[in-house]
Amino acid sequence: MDKFLNRIIKVSIYLLVFLLPLFFLPFSFEVFEFNKQYLLFFLVSIAFLAWLTRMIIFDKEIRFRRTPINIPVLVFMFVAVLSAIFSVDKTSSLLGSYGRFSDGLIGLLSLGALYFLITNNVGVSRNKRETDEKDTKYTGPTSAILVAGLLKVFIWSVSFLILISYFSIFRVWEKLQNLTGKIPALPREFNTIGSPEALAIFLSIIIVLLIGCILFKTQSSKFKSFIYWLLLIAAIGLLLIIDFAGAWIVLILTLALLVGFTLWKRIFGENVNKLLLPIFLVVIGMIFLFSNPLKNGQLSEIVPDSFKGLPREQILDQESSWKIGFTALTEDVKNGFLGSGIGTFFYDFSKFKLKEFNQGPFWQLRYNRAGNYIAEIAGTMGSLGLLSYFVLIGMFLLISYLFLQQNKGGIPLLMVFLALLIGQFVFYQNTVLAFAFWLVLGLSVVNWQKPVKEKTILFKDFPELSLIFTLFLIILGIVIAGMYFFAINFYLADTHYGKAMGNQNPIENLGKAINLNPYQVQYKITLARFYLNEVQQELQKPQTEQNLDVLAGYIQQSLNWAQKATEFSPNRVFAWETLGIIYRDVQMVTTGATQWGIDSFEKAIMLEPTNPVLYTELGKLYLASDQIQKAKEKFEKAKELKSDYADVLIQEVLITEMEDDLAEAIRGMENLASNYPFNIEILFQLGRLYYNDNQIDQAISQFNKVLILFPNHSNSLYSLGMAYQQKGQKEDALRMFERVLELNPGNAGVLAKIEELKKVETKIETLEETEE
């Protein structure tokens, strides 16, 4: 049985190292991070239980390796637990924010368990343990898992990853799809790490690993050297294609440190020419960091399109990331120590983003991750999280340096760790990058050997401990089994959510998703919006065809799910915004909806005080309730946050119209039309104002401009029909109303207009016949 449990540990760890960089499944809504987190949790928990069972049940002892950084690792994990307990959104802290998943407590604890699995079950050679009466220094593994073996498996995994990425870039998947009709045509940016930027960061780390393997190889076969060089060239090629500045920074700094350290310590002696490789890559990195010759200059003209970059992920800029992270840290005493809660950067971003962010092109995006991991720790785990993490890293680097004085073989792993660390200052963490960090940390600690001691507690010396640890194992097994049950339900829930987002019976599938996972607020918000869509479709029907009971039911369901979302997650701005939008859209058919909408948007503004959209929507509701002064104040605040936000500028002009100053309103809208010549709403409103001022020709001109940009704009078609009717052009008016009817079948108002015009035509024809 002991051998069987050892085999479970070995297979689980090897599978994890090989599969995690490659793993994805198409069944869930998010195919990468969600599935990688499941793989991480299941394999680590299986191996961890097998390890404990082997010791407690069969070996009748507790045997563990004491390392200098065990306590810092446990302290960091403990701070993360405290941060989750006092989080502003406990579900996100536990499971990770939806769509990202890798920032949750369960994922971090799984990585912590992986570290202890590695340090206690992996060795550097196949030597047996040497024991004495007291503590012993570790010289060999208890199971046949070796550092070199894991690195070999990891490199094989990377080989497949690079191959898949090249297949995507050169559209091999599309060609195979055309040949077979079965393989999906994947986009050029597809890879199993995530975004091209995440792949670039990972590749920079792999390049450092491969350089270490090449420079510090000992009795390596020619075939192995060939593989290292082939992978190195392939990885550099991918990095050149992606061309991400953060990856170049990681590569430049890490290799510069490698060159500097080895020269200082004269590690290569007379073979100093070995350093030409990292020096060459530092030079290449500097060139591409400041100007990519493949995209700029004469060289770009002969480079194939496949080498000219990939679609970019929208990543929060570093300046905003640092400011938001440290502003969140200083919000109050709790945040100062523990942050807003692990996995809640979405809250920090909404609450603390600067108004300058609104001047950028992606100002309407809400980011759920910082541009770098360190800033995210500051905001979500506070000063204790930041301090414990730096203590962990500092102690590791100090002991690694001391260890390198006697064993230079640890330099490659140390350089990889430094690359991962530098990457955390310039890029966020996803599952693969976090896994690589804790994997390399564990393997480096195992590689120390001398500072690692093994402690054994025999149950025969302390019989009571056997009972205590057995009970602990049983309880832990029950807890993990319960987590498996919930995990399976949560996975099934997300498959239903994916079907709903693919427009497959969305309301039914979202209902199933919520039944399986009632803790996921995203499902409730999405269901509320789908019901709102049903409300809008019912309201578009002619009044004679509207089913008031069905309409009331849709409104009730929409409000119900939005309210449940705000109750379950009161610090999520998206939930309050959704509730406010629903109240806004049903205020004409629901008594009291306007005031409730005002209350919802005010709460949303408390959570996102620099969002001009929220102030504008709140101002519209104040306007609807005839509170014009308050509406003006909210519109003014929105304009202060974003002076070129077209919607609020339109609302200010409309207030001028309400105050019976039509001429000034027209001048204001004309100015907007000159500044925003392609804004459909502005052009339409200007046409409407012209019509109301009896400037019919100008109105017709404006409505036609709208139709050039948006041929099926119903309001412009209808207004154009009204303008033609006003001018007496009955046939043109009838043609416009008939087009509106095609877009809005059964609309009572349009039908009435068409009937009215047809009667007029009939009368005219009859009159003409009489005259003849």
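Cut-offs and rules
- Residues numbered from 1 in each chain as written.
- Predicted model: local features only at pLDDT ≥ 70, side-chain atom pairs only at ≥ 80, totals over all residues.
- Heavy atoms only, no water.
- Helix = DSSP H or I, 4+ residues; strand = E, 2+ residues; numbered from the N terminus.
- Buried < 20%, exposed > 50% of the residue type's maximum accessible area, 1.4 Å probe, protein only.
- Areas by Shrake-Rupley, 256 points an atom, 1.4 Å probe, with all protein chains shown as cover.
- Lys, Arg positive; Asp, Glu negative; His and termini not counted.
- Charge placed at Lys NZ, Arg CZ, Asp CG, Glu CD.
- Phe/Tyr/Trp six-rings, centres within 6.5 Å; stacked < 30°, edge-to-face > 60°.
- Lys NZ or Arg CZ within 6 Å of the ring centre and 35° of its normal.
- Salt bridge = Lys/Arg side-chain N within 4 Å of Asp/Glu carboxyl O.
- Axes fitted to C-alpha atoms, helices over the stretch in contact; angles between N-to-C directions.
- Parallel < 35°, antiparallel > 145°, perpendicular 65-115°, else oblique.
- Left-handed = near helix turned anticlockwise from the far one by under 90°.
- Contact = heavy atoms within 4.5 Å.
- Nonpolar A, V, L, I, M, F, W, Y, C, P; charged D, E, K, R; others polar.
- Expected span 1.5 Å × (residues − 1).
- Arc of directions from axis to C-beta.
- pLDDT = per-residue confidence, 0-100.
- Patch = residues over 30% accessible without salt bridge, like charges linked within 9 Å, V, L, I, M, F, W, Y side chains within 5 Å.

## Focus: the overall build of the chain
A tally of helices and strands in the chain yields 32 helices and three strands. Reported as C-alpha extents along the three principal axes, the dimensions of the chain are approximately 125 × 70 × 55 Å. Within the chain, buried positions represent 53% of all 772 residues. By element, 61% of the accessible surface of the chain is carried by carbon and sulfur atoms, the whole surface being about 35,400 Å². Positive and negative side-chain charges of the chain, numbering 69 and 70 respectively, have mean locations separated by a distance of 17 Å.

## Quick word on the packing of aromatic side chains
Tallied over the entire structure, the rule returns 52 aromatic pairs. Pairwise contacts between aromatic rings join Phe-29, Phe-34, Tyr-38, Phe-41, Phe-42, Tyr-98, Phe-101, Tyr-484, Tyr-491, Tyr-497 and Tyr-523 into one cluster. The residue whose ring lies beneath Lys-265 is Trp-264, and the NZ or CZ to ring-centre distance is 4.2 Å. Note that Lys-524 overlies the ring of Phe-568, its terminal NZ or CZ placed 4.6 Å from the centroid.

## Here's the deal with the pattern of salt bridges
Pairs may arise between side chains of opposite charge once their charged atoms sit close together. Applying the stated criterion across every chain, the model contains 28 salt bridges. Note that Glu-197 and Arg-312 form a salt bridge whose closest N and O atoms lie 3.6 Å from each other. Residue Glu-197 is found in helix α8 (residues 196-215), and its partner Arg-312 is found in the loop between α11 (276-290) and α12 (318-329); the two are separated by 115 residues along the sequence. A relative accessible area of 2% means that Glu-197 is categorised as buried. Of the charged contacts in the structure, one is a salt bridge between Asp-585 and Arg-584, with a shortest N-O distance of 2.8 Å. Note on Asp-585: relative accessible area 26%, which makes it partly exposed.

## Let's talk about unusual backbone geometry
If you check the backbone angles, Lys-60 has positive phi at about 55° while not being a glycine. In this structure, Lys-60 sits in the loop between α2 (33-59) and β1 (61-66). Judged by its relative accessible area of 46%, Lys-60 falls in the partly exposed class. Residues other than glycine seldom take positive phi values, yet Asn-505 does so here, at roughly 45°. Here Asn-505 shows up in the loop between α18 (463-501) and α19 (506-516).

## Quick notes on the packing of helix α23 (residues 593-607) against helix α24 (residues 612-624)
Across the interface, α23 lies against α24 with an axial gap of 9 Å and an inter-helix angle of 160°. Taken together, the axes of α23 and α24 are roughly antiparallel relative to one another. Taken as a pair, α23 and α24 cross one another with a handedness that is left-handed. Contact residues: α23 offers Thr-594, Gly-597, Ile-598, Phe-601, Glu-602, Ala-604 and Ile-605, while α24 offers Leu-614, Tyr-615, Glu-617, Leu-618, Leu-621, Tyr-622 and Ala-624. Within the contact of α23 with α24, the residues separate by chemical class into ten nonpolar, two polar and two charged.

## Details of helix α27 (residues 662-675)
Between its terminal C-alpha atoms α27 stretches 20 Å, which fits the 20 Å expected from 14 residues at 1.5 Å a residue. Where α27 is concerned, the buried positions are Ala-665, Ile-666, Gly-668, Met-669, Leu-672 and Ala-673. Down the axis of α27, the smallest arc covering the buried residues is 165°, so these residues share one side. With respect to the buried face of α27, the exposed residues turned more than 90 degrees away are Ser-674 and Asn-675.

## Some points on the packing of helix α1 (residues 2-19) against helix α6 (residues 147-169)
It is the contact of α1 with α6, at a shortest axis distance of 7 Å, that shows an interaxial angle of 30°. Here α1 runs over α6; the crossing is right-handed. From α1, Ile-13, Tyr-14, Val-17 and Phe-18 reach across to α6, where they touch Gly-149, Leu-150, Val-153, Phe-154, Trp-156, Ser-157 and Phe-160. Taken together, the residues that form the contact of α1 with α6 break down as nine nonpolar, two polar and no charged.

## Some thoughts on helix α10 (residues 245-265)
With 21 residues, α10 extends 30 Å between its outermost C-alpha atoms, agreeing within 8% with the 30 Å of an ideal straight helix rising 1.5 Å per residue. Three or more residues of α10 are buried, namely Gly-246, Ala-247, Trp-248, Val-250, Leu-251, Ile-252, Thr-254, Leu-255, Leu-258, Val-259, Phe-261 and Thr-262. Tucked inside the fold, the buried residues of α10 contact α8, α9 (222-242), α11, α15 (373-404) and α16 (411-426). Backbone geometry just downstream of α10 places Arg-266 in the positive-phi region, at approximately 50°.

## Overview of the environment of Tyr-14
Mapped onto the elements, Tyr-14 comes out in helix α1. Judged by its relative accessible area of 18%, Tyr-14 falls in the buried class. For the pair Tyr-14 and Val-153, spaced 139 residues apart in sequence, the C-alpha to C-alpha distance is 7.1 Å.

## A word on the confidence of the model for the chain
On average, residues of the chain score 90 in pLDDT, and 93% of them are at 70 or above. Contacts from residues 127-143, a stretch scored under 50 in pLDDT, to residues over four places away or in other chains number 46 contacts.

## Quick notes on a nonpolar patch on the surface
Side chains of Leu-467, Leu-471, Ile-474, Ile-475, Ile-478 and Val-479 sit close together on the surface and give an oily, nonpolar patch of about 590 Å² of accessible area. Residue position: Val-479 is located in helix α18.

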